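As a plain string of letters, each chain reads:
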Amino acid sequence: MQQRRVWVLALILMLWSGLAGWGLTQAQNAAAQNLVAQAEVGTVDVVPQSLQLAQEVYLEQCSSCHVALPAETFPSQTWQQLLVDQNHYGVTLPRLINPELGLTWKYLQAYSRPQSPDDQIPFRFRQSKTFRILHPRVEFSEPVTVDTCASCHPAASQFNFRQLTPEWDDAP
Ligand code: HEC
Ligand code: HEC
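For clarity, every value in this text was computed on a predicted model and none was experimentally measured.

A. Structural context of the site of ligand 1. Neighbouring ligand 1 are 19 residues; Cys62, Cys65, His66, His88 and Arg124 lie closest to it. The side chain of His88 places a nitrogen or oxygen atom 2.8 Å from a nitrogen atom of ligand 1. In this structure, Arg124 approaches ligand 1 through a side-chain N or O atom, which is 2.6 Å from an oxygen atom. Elements with a contribution of two residues or more to the shell around ligand 1: helix 2 (52–62) and helix 3 (76–83). Considering each element in turn, the shell around ligand 1 owes the most residues, 3 residues, to helix 3. A breakdown of the residues in the shell around ligand 1 according to their chemical character gives 13 nonpolar, 5 polar and 1 charged.

Structure (structure tokens):
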């Protein structure tokens, strides 16, 4: 009788430690996946799961003619106006409708900040304060356009603005 009880106890212990071990592996896997996801982030902020679809839709809508622009380079008001304007810097965009319109705005709004309503809304990088703030070391000599980002951000076409060309990477 006594021996049987010990066996049952041992069995319970074995099962329990097995389960705990399995739980740990799952947690480790999740942590590893998280790290991988973070390692690939090339813009200012990590994209949480709740915004991933919105980011995909933004990239789909806004990266066919030029590199997708990081949301934080303009105030929210700029994006708000651009998304509902088919006249786009001399070209005509297809009208953006829901759900794409809502999702694109959700993404751009989440990663940009509203500016004071008294300030003029910038539509060019050279007028954008946040763009300048993101570039403390850079004195732009040439006009910055959607085509010049890649000269310093070699992975701009992959929406990575953290990677820099060696001359900027080495500088203090
Ligand atoms: C049909 C092609 C096309 C698509 C699609 C497109 N753009 Fe553009 N975009 C342009 C052109 C052309 C320019 C002007 C380039 C220039 O003059 O240097 C431009 C310029 C811009 C600029 C101004 C940057 C600057 O300072 O010169 C912003 C901001 C911008 N686009 C945002 C967007 C957003 C947001 C979307 C998605 C809704 C989008 N674009 C989709 C063609 C496009
Ligand atoms: C002349 C080189 C140069 C050009 C052109 C340039 N950048 Fe940058 N960018 C930099 C450097 C260098 C940094 C790092 C901040 C610093 O040292 O000033 C940076 C930082 C950034 C950041 C912040 C990245 C982060 O998360 O830390 C963003 C976003 C960005 N640039 C977007 C753009 C966009 C969009 C364009 C094109 C319209 C552009 N840049 C054009 C040199 C450049």
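B. Highlighting the coordination of the iron atom of ligand 1. The protein atoms donating to the iron atom of ligand 1 are His66 (NE2) and His88 (NE2), with metal-donor distances spanning 2.0 Å. When its relative accessible area of 22% is taken as the criterion, His66 is described as partly exposed.

C. Expanded view of the nonpolar core. Ranked by size, the top nonpolar core spans 25 residues in total, and within it Tyr58, Trp79, Tyr107 and Leu108 carry the most contacts. For this core, the secondary structure elements donating two or more residues are helix 2, helix 3 and helix 4 (100–110). Those residues in contact with Leu108 that sit more than four places away from it in its chain are Tyr58, Ala71, Trp79 and Leu83.

D. Geometry of the site of ligand 2. Within the structure, ligand 2 sits among 23 residues, and His135, Arg137, Cys149, Cys152 and His153 are positioned closest to it. Contact between ligand 2 and Arg137: an oxygen atom at 2.5 Å from a side-chain N or O atom of the residue. Taking His153, its side chain carries an N or O atom lying 2.8 Å from a nitrogen atom of ligand 2. Per-class residue counts for the shell around ligand 2 are 14 nonpolar, 6 polar and 3 charged.

E. View of the packing of aromatic side chains. On inspection of all chains with the given rule, the structure shows 8 aromatic pairs. Judged by centre distance (4.9 Å) and plane angle (35°), the rings of Phe74 and Phe125 are tilted. With a gap of 51 residues between them, Phe74 in the loop between helix 2 and helix 3 and Phe125 in the loop between helix 4 and helix 5 (129–133) connect regions that are remote in the sequence. With respect to burial, Phe74 and Phe125 carry one shared label: buried. Taken together, the ring pairs connect Tyr58, Tyr107, Tyr111, Phe159 and Phe161 into an aromatic cluster.

F. Region of the structure containing the environment of Leu59. Positionally, Leu59 belongs in helix 2. For Leu59, a relative accessible area of 24% translates into the label partly exposed. Distance in space between the C-alpha atoms of Leu59 and Tyr107 is 9.9 Å, their sequence separation being 48 residues. Contact partners of Leu59, with chain neighbours within four places excluded, come to Ala68 and Phe159.

The rules behind the values
Residues numbered from 1 in each chain as written. Chains lettered and ligands numbered in written order. Predicted model: local features only at pLDDT ≥ 70, side-chain atom pairs only at ≥ 80, totals over all residues. Heavy atoms only, no water. Near = heavy atom within 4 Å. Polar contact = N/O pair within 3.5 Å; in protein donor to acceptor, adjacent residues only side chain to side chain. Helix = DSSP H or I, 4+ residues; strand = E, 2+ residues; numbered from the N terminus. Nonpolar A, V, L, I, M, F, W, Y, C, P; charged D, E, K, R; others polar. Donors = N, O, S within 2.8 Å, 3.2 Å for Na, K, Ca; no water. Buried < 20%, exposed > 50% of the residue type's maximum accessible area, 1.4 Å probe, protein only. Core = buried A, V, L, I, M, F, W, Y, C linked by side-chain atoms within 4.5 Å. Contact = heavy atoms within 4.5 Å. Phe/Tyr/Trp six-rings, centres within 6.5 Å; stacked < 30°, edge-to-face > 60°.

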